Amino acid sequence: MEIDLWVLALLTGVGFVAGFVDSLAGGGALLALPALMLAGLDPVSALATNKLQGSFGTASATHTFWKKGLLRPLDHVTEIVPVFVAAALGVLAVSYVPTQLLQEAMPVLLVLVAIYFALSPKLSAGMFPIAVFSFCVAPMLGFYDGVFGPGTGSFFMLALVGFFGLGIIEATARTKLLNFTSNIAALLMFMLGGKIVWVVGLCMGVAQIAGAQLGARVAIANGARVIRPLLVMVCVGMAVRLWWAG
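Residue indices begin from 1 for each chain and proceed along its sequence in written order. Owing to the predicted nature of the model, reporting of local features is limited to residues with pLDDT of at least 70; listing and counting of side-chain atom pairs is limited to 80 or more, with chain, interface and lining totals taken over all residues. In computing side-chain properties, one takes all heavy atoms of the structure into account and sets aside hydrogens as well as water.

What about the pattern of salt bridges?
Link 1 in the chain: The rule for a salt bridge is simple: a side-chain nitrogen of Lys or Arg has to be within 4 Å of a carboxyl oxygen of Asp or Glu. In the structure shown here, the tally under the stated rule is 5 salt bridges.
Link 2 in the chain: In this structure, the salt-bridge partner of R174 is E79, at a minimum N-O distance of 3.0 Å. Of the two residues, R174 is situated in helix 8 (residues 168-193) and E79 in helix 4 (residues 77-94); the sequence distance between them amounts to 95 residues. Of the two residues examined, R174 and E79, each falls in the buried class.
Link 3 in the chain: Among the ionic pairs, E170 bridges to R174, the shortest N-O distance being 3.7 Å. In this pair, E170 and R174 both sit in helix 8, 4 residues apart, roughly one turn of the helix.
Link 4 in the chain: In this scheme, a residue with accessible area under 20% of its type's maximum is buried, one over 50% is exposed, and one in between is partly exposed, where area comes from a 1.4 Å probe on protein chains only. You can call R174 buried: its relative accessible area is 9%. Secondary structure is summarised from DSSP: a helix means a run of H or I of at least four residues, a strand means a run of E of at least two, and numbering begins at the N terminus for each.

What to know about the nonpolar core
Link 1 in the chain: Among buried residues, those of type Ala, Val, Leu, Ile, Met, Phe, Trp, Tyr and Cys that are joined through side-chain atoms within 4.5 Å constitute a nonpolar core. Ranked by size, the top nonpolar core spans 42 residues in total, and within it L11, L36, F133, F156, F190 and V200 carry the most contacts.
Link 2 in the chain: By residue number, the principal contributor to this core is helix 2 (residues 29-38), which donates 6 residues.
Link 3 in the chain: Throughout, a contact is declared for two residues whenever any of their heavy atoms are within 4.5 Å. Excluding anything up to four places from it in sequence, L11 contacts A35, L36, A39, V200 and M204.
Link 4 in the chain: Listed in part, the 7 residues of the second largest apolar core include L24, L71, A173 and A219.

Structure, rendered in C-alpha cells:
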C-alpha cells in the first residue's frame, strides 16, 4: 500500500514515543498499533507491521539492560522457549479470526487494558514461585502478544513485580527480553504471511531504537511510575478514536 510522506513522518514519531514508553513500563503498542490502523492499515497488516517496528525497540532496550549488567539472557531460557512457542501459536490463531472481528475487538480490548492499568490492585510481593511465571504466566502472555499485543510488556512487568516479588528494574529488564522474544516469534510468523508494510515498519523501527535507548536509561535511573496514568489516557483515547473512525 502507498503511504503519504507526512503520514510516514507522523508514524516515525509515534515509533520514537512508543519505544520510549515501552522501555519504561511496556505498552508502546498502545500507541503504535492504533496509529497504524488510523493510517489505513487493515488489522492484520497493522499487527504484523507493529511486530516489525516493536522488535527494534525491544531489542535495543534488551541490549541496554544487558550491557549495564542488569540482564543475563541465558539465565532465562526456561522462559524464552515457552514464550516463543506460545507467541507463534498466537499468530496462527489470528490467521483464523475474520478481519472485521479484529477491527471491532481491538477498541474493546484497548479499553479493557486501560481499566486493568487504572484499577489493578497492589499485590503482595512474592505470592507465587517464579516457576509458575516461567511455565504458566509467561507463555499465556506470549500467546496474547501473538494474538493482539498491546500492554504485553506492562502485563509482564506487573506480574513479575506484583505476583513474583522482583524489583522494578530487574522486572523491567526481564520484561524487555521476553517481549523481544514474543515479538520475534510473531514477526517470523507474520513474514510468512506477507502482511508486513516494510517501509512503515522499518522507519518506525529506527525511531524505536532511539526512543528505547532513552527510555531504558530513564527506567534504570528513575523507574516507571509516571507512565501508568499516561498509558491509561492514551489507551482510552485511541480506543475512542478507533470507534469513531469505524
